[in-house]
Amino acid sequence: MMPAEHTAPVASEAVDTDCYHCGLPIPSDTDHYVRIDGRSRRMCCVGCEAVAQSIVDNGLVDYYRHRDAMPETRREAMPAELQELGLFDHPDFQKSFVRPVGEHEREASLILEGITCAACVWLNENHVARLPGVSAIQINYATRRARVRWDERRIKLSDILAAIQGIGYRAYPYDAERSEQVANRERRSMLWRVFVAGFGMMQVMMYAFPVYVAGEGDMSWDIELLLRWASLLLTLPVVLYSAAPFFQRAWRDVRLRRLGMDVPVAVGVGSAFLASLWATLTDGPEVYFDSVTMFVFFLLGGRYLEMVARQRAMRGVEELGKALPSFAERVEGWPASAVGERVPTSQLVPGDVLRVRPGEVFPVDGVVLEGEGEANEALLTGESMPVPKRPGDRLTGGSINVSSPLLLRVEQVGDATRLAAIRRLMERAASDKPRIATLSDHVAAWFIVTLLVLASGTGVAWYMVDPDRALWIFVSVLVVACPCALSLATPTALTVATDAMARLGVLVTRGHAIETLAKANHFVFDKTGTLTHGRMRLEEVLPLGAHEGRAVLVLAAALEQGSEHPVAAGLREAVEGDRLPVAVDVRAETGQGMVGTVAGEKMWIGRPDYVARSTGLELPGALDAFAVRGGTVVALGTASAWLGAFRLADQVRDEAPLLMRRLGGERMHTSMLSGDAETVVADMARQLGIEDARGGLSPQGKQEAIAAMQKDRNAIVAMVGDGVNDAPVLAQAHVSIAMGGGTDLARNQADIVLLSENLSSLGRSIDLSRKTLRIIRQNLWWSFAYNFTSVPLAMAGLVTPWMAGIGMAASSLLVVLNAMRLQRVPAAR
């Protein structure tokens, strides 16, 4: 058995340009190697690397020695013995694209090949959903991405992939490199089909033109027959090669008793070609080879342009998948040694020390140990200005080291990194289907049935009136009204808008978020960490017992040392450097405070009324005068006495007043809900011009307040708050927005996350969401207007098949180009 090594080639070994496993070109920015027969062989992606390594580890290297050609598909790139081992079900292979969501439930991110319309999405979703053990499947038409969830006790992943392949599609484990290769392969294949159709069309038109312009008796029958046979020979490659995918997918749909958008196209092309073939063989009066080739060329040309535009739209979303480098420089024995070695990032573990040089990408999440520099986090937050970094500061994987070398300690790797959490949330958004997309897909499915009935009825009617024109009118009706534009109208616009928002540092995590944000007319804000920076600073200490101020502060910080709340951080910062006593049996009371035992005595800290209720003590009169000075007030006490109170202040975000003025100018209702004292909340509301401000609320109180707002039939409530601590409140709102800079993204339940924590990005996102909804409506209106206009014209015999092909392709392309306008991000105002 060969040794299992992942080693880069030594200098003497040639660097491969094609993948040793599958033969595809290797992207310039990838470094995947497997040692085979004593040499480091380069792979194009992590998928091929994993398969090749499994072949080596299982003693199947003879597969490479004896093969005489490169495989055409990924499935053929596995020897039969390895397929029987259930490679796709192996836990090591699944690490990169499968995650657990329960004790026995798993979720995989896949990419599908062969998806051409909304009917393909519907077919795959329904087919896979019926498999025993599959609990959910969602497919995004624009990105071709699928999210599948299953119970591993009842079904294997390999069975799911086999079921997809059984209906004529291919499913691969998703990774960004594989996705790009699939996209390149689709473009190349489509371009060749367009070329063959275009060449055939030009040649056939050359033979058809003399027949059209020849007068009565100008052309003998044998010459016309010769031109027909020449046109037939030139049309054959167009129908059998260029149009082959239409027939393959149509036959699959018919076999499965479902109707997709390729069915009317295949019927139209096939019937016109067969009628022309019959006329050629029997000396019939009319042939339509020119119309067939022209129609196929225009249809394929339109689909090719639509594919390029769609892939360009989703490129920004895919960039996150390629952000992390494949190798990193690990420093062994630091600080005693500074010698580094390059290792695959997959081998890094928390605690490793890395050196990242200027211009390199941070491969993991970590903390700066040595050096001072700057990091460009634009890919993650949308902020173009570099962020200063010094020892103790956190670094996020995917950001770029701008200025000087930095040593960092690894804290999170793989799926635990912030970048991985962002990708998972984006995948969730891409898989979710908003109501408007589901509705358009449903309409498109019924439209195909109606179209086939109309075309058949029209063909029969014209056969009775004018048999010579019946066939091409039948074909025109079939083709001109195919609802491709209707299926593209919504998913393409949502994909482009999601990418544009990501460039603003706004992460959309739910499919309905953009549509709901555009309709929101009541914006509710949390105070701490949302309208303010959430970095509490201690302003004053009020001793209330025998302890002096510093001693009380140390006790409070000890009780709060395990909390992530901004108040806790402010208290800890005030005693930085002091030795804190140990706190035990600490328990948080959500929205109220904390209780625990410090120095052998049980203590409560939090809102003064919470401490008073918990201890049975009366509120001291000194607290009233203390609270009037402003800021947030928390108190500390035991079961027998008050120990002290603390006043902390937070700074309002610079962009908050601008956002409030803008919402007020648009006659949007604004509210602020906070757990802080009512006087503090009212003072900030006056500063910002918020009309409805309520303080002293628990999380349940906030939830009830939003529920009361929603009882107004016209109120669509957007809640902006903390993605973790305010989870029940956010869930109550129609659309929820979380400040995501410091929150745990893996636990974030919000529909939208502001990665940049900049409220001006929220204002621009509101503009972009409204523009998205306008463009979706424009696309839908155009699709309906086009179909309801073109179908009567085609039924009246005023549209020829080649004109129908142009119309169908142009309508789809127009919808995609209209959606591409969303790439222009609205300016801040």
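Conventions and cut-offs
- Counting starts from 1 at the beginning of each chain's written sequence and moves along it residue by residue.
- Under the rules for a predicted model, residues below a pLDDT of 70 receive no local features and side-chain atom pairs below 80 are neither given nor counted, while totals for whole chains, interfaces and linings still include all residues.
- Based on all heavy atoms of the structure, the side-chain values leave hydrogens and waters out of the count.
- Any pair of Phe, Tyr and Trp rings, taking the six-membered ring for Trp, is counted once the centres come within 6.5 Å. Such a pair is stacked with planes under 30 degrees apart, edge-to-face with planes over 60 apart, and tilted for the rest.
- Helix and strand labels come from DSSP, where a helix needs a run of H or I of at least four residues and a strand needs a run of E of at least two; each type is numbered from the N terminus.
- A simple rule labels every residue: compare its accessible area, found with a 1.4 Å probe on the protein chains alone, to the largest value its type can have, and call it buried under 20%, exposed over 50%, or partly exposed in between.
- Note on geometry: a ring has a charge over it if NZ (lysine) or CZ (arginine) is within 6 Å of the ring centre and within 35 degrees of the ring normal.
- To estimate the expected span of a helix, subtract one from its residue number and multiply by 1.5 Å.
- Only buried residues count toward a nonpolar core, which is a set of Ala, Val, Leu, Ile, Met, Phe, Trp, Tyr and Cys residues joined through side-chain atoms within 4.5 Å.
- Contacts: residue pairs with any heavy atoms within 4.5 Å of one another.
- Note on pairing: two strands pair once DSSP finds at least 2 bridges between them.
- What counts as a salt bridge is simple: a side-chain nitrogen of Lys or Arg found within 4 Å of a carboxyl oxygen of Asp or Glu.
- Note on geometry: axes are lines fitted to C-alpha atoms, helical ones only across the stretch in contact, with angles between N-to-C directions running from 0 to 180 degrees.
- In these notes the angle categories are as follows: under 35 degrees is roughly parallel, over 145 is roughly antiparallel, 65 to 115 is roughly perpendicular, and the rest is oblique.
- Under the convention adopted here, Pro, Cys and the residues Ala, Val, Leu, Ile, Met, Phe, Trp and Tyr are nonpolar, Asp, Glu, Lys and Arg are charged, and Gly plus all remaining residues are polar.
- Crossings are sorted by hand: turned counterclockwise from the far helix by less than a right angle, the near helix makes the crossing left-handed, and turned clockwise it makes it right-handed.
- Per residue, pLDDT captures the predictor's confidence, and it can take any value from 0 to 100.
- Like-charged residues are merged into a patch within 9 Å and nonpolar side chains (Val, Leu, Ile, Met, Phe, Trp, Tyr) within 5 Å, provided each residue has over 30% relative accessible area and no salt bridge.
- Residue exposure ignores everything except the shown protein chains as possible cover, and the areas themselves are Shrake-Rupley values with a 1.4 Å probe.

Caption draft 1: A look at the packing of aromatic side chains. Tallied over the full model, the rule gives five aromatic pairs. Between the aromatic rings of Phe195 and Phe199, the centroid separation amounts to 6.4 Å while the plane-to-plane angle is 25 degrees, which identifies the pairing as stacked. Taken together, the positions of Phe195 and Phe199, both in helix α7 (residues 176-213) and four residues apart, correspond to about one turn of that helix. Phe199 sits in the partly exposed class, given a relative accessible area of 43%. Clustering of aromatic rings is evident, with ring pairs tying together Trp192, Phe195 and Phe199. Sitting above the plane of the Tyr241 ring, Arg193 keeps its charged end 4.7 Å from the centroid.

Caption draft 2: Fine view of helix α9 (residues 244-255). Helix length check: α9 (12 residues) gives 16 Å between terminal C-alpha atoms against 16 Å at 1.5 Å per residue, within 8%. Within α9, the full set of buried residues consists of Ala244, Pro245, Phe246, Arg249, Ala250, Arg252 and Asp253.

Caption draft 3: Seen up close, the nonpolar core. Grouped together as the largest cluster of nonpolar side chains are 49 residues, with contacts concentrated most on Phe523, Phe525, Leu531, Leu688, Ile737 and Leu762. With eight residues, the single largest contributor to this core is helix α16 (residues 484-503). Once residues within four sequence positions are removed from consideration, Leu762 is found in contact with Phe525, Leu659, Val720, Ile737 and Leu754.

Caption draft 4: Molecular detail of the sheet that holds strand β16 (residues 406-412). Pairing is antiparallel across the open sheet formed by six strands, whose spatial order is β9-β8-β10-β16-β11-β14. If you trace the sheet from one side to the other, it starts and ends with β9 (340-344) and β14 (394-395), each paired once.

Caption draft 5: Quick peek at unusual backbone geometry. A positive phi angle, close to 55 degrees, is found at Asp585, a residue other than glycine. Tracing the backbone through its elements, the reader meets Asp585 in strand β20 (residues 583-589). Within the chain, Ala599 stands out as a residue other than glycine whose phi angle is a positive 55 degrees. Checked against the element boundaries, Ala599 lands in the loop between β21 (593-598) and β22 (601-606).

Caption draft 6: Fine view of the pattern of salt bridges. For the structure shown, the criterion picks out 25 salt bridges. Note that Arg394 and Glu411 form a salt bridge whose closest N and O atoms lie 2.5 Å from each other. Highlighted residues: Arg394 in strand β14 and Glu411 in strand β16, separated in sequence by 17 residues. Accessibility expressed as a relative area gives 57% for Arg394, which makes it exposed. Salt-bridge contacts for Arg662 lead to Glu666; the nearest nitrogen and oxygen are separated by 3.3 Å. Taking relative accessible area as the criterion, Arg662 reaches 9% and is therefore assigned buried.

Caption draft 7: Geometry of the side chain of Ser231. Among the secondary structure elements, Ser231 is positioned in helix α8 (residues 221-242). Ser231 gets classed as buried once you look at its relative accessible area, which sits at 5%. Those residues in contact with Ser231 that lie beyond four places of it in its chain are Val204, Tyr207 and Phe289.

Caption draft 8: Region of the structure containing the sheet that holds strand β15 (residues 400-401). The three strands are arranged β13-β12-β15 in an open sheet whose pairing can be described as antiparallel. In this open sheet, the two edge strands, each paired with only one partner strand, are β13 (387-389) and β15. Bridge count between strand β12 (residues 373-376) and β15: two bridges; the pairing is antiparallel. Each bridged residue has a counterpart across the sheet, and for Asn376 the counterpart in β15 is Ile400.

Caption draft 9: A look at the packing of helix α23 (residues 656-665) against helix α27 (residues 759-795). Where α23 contacts α27, the axes come no closer than 8 Å and their chain directions differ by 30 degrees. Classed by the angle they form, the pair α23 and α27 counts as roughly parallel. For the pair α23 and α27, contact is made by Ala656, Leu659, Arg662 and Leu663 and by Leu759, Leu762, Gly763, Arg764, Ile766, Asp767 and Arg770, respectively. For the contact of α23 with α27, the residue count by class is six nonpolar, one polar and four charged.

Caption draft 10: Spotlight on the packing of helix α10 (residues 262-282) against helix α15 (residues 467-480). Relative to each other, α10 and α15 sit at 160 degrees, their axes nearing to 8 Å. In this view, α10 runs roughly antiparallel relative to α15, as classed from their interaxial angle. The way α10 lies across α15 gives a crossing that is left-handed. Taking contact as the criterion, the partners of Pro264, Val267, Gly268, Ser271, Ala272 and Ala275 in α10 are, on α15, Leu471, Phe474, Val475 and Leu478. Broken down by class, the residue content of the contact of α10 with α15 amounts to eight nonpolar, two polar and no charged.

Caption draft 11: Here's a closer look at the confidence of the model for the chain. Confidence in the prediction for the chain averages 79 pLDDT; 82% of positions are at 70 or higher. In the model, residues 1-14 has pLDDT below 50 throughout and makes 32 contacts with residues more than four positions away in sequence or in other chains.

Caption draft 12: A nonpolar patch on the surface, seen in detail. Where nonpolar side chains cluster on the molecular surface, the patch consists of Trp192, Phe195, Phe199, Met202 and Tyr241 and spans about 560 Å² of accessible area. Of the residues forming the nonpolar patch, the biggest block, four residues, is contributed by α7.

Caption draft 13: Representation of the environment of Cys120. Mapped onto the elements, Cys120 comes out in helix α5 (residues 118-129). By relative accessible area, which is 2% here, Cys120 ends up buried. Distance in space between the C-alpha atoms of Cys120 and Asp253 is 8.9 Å, their sequence separation being 133 residues. The residues touching Cys120, leaving out its near neighbours within four places in the chain, are Gly114, Ile115, Tyr169 and Arg252.

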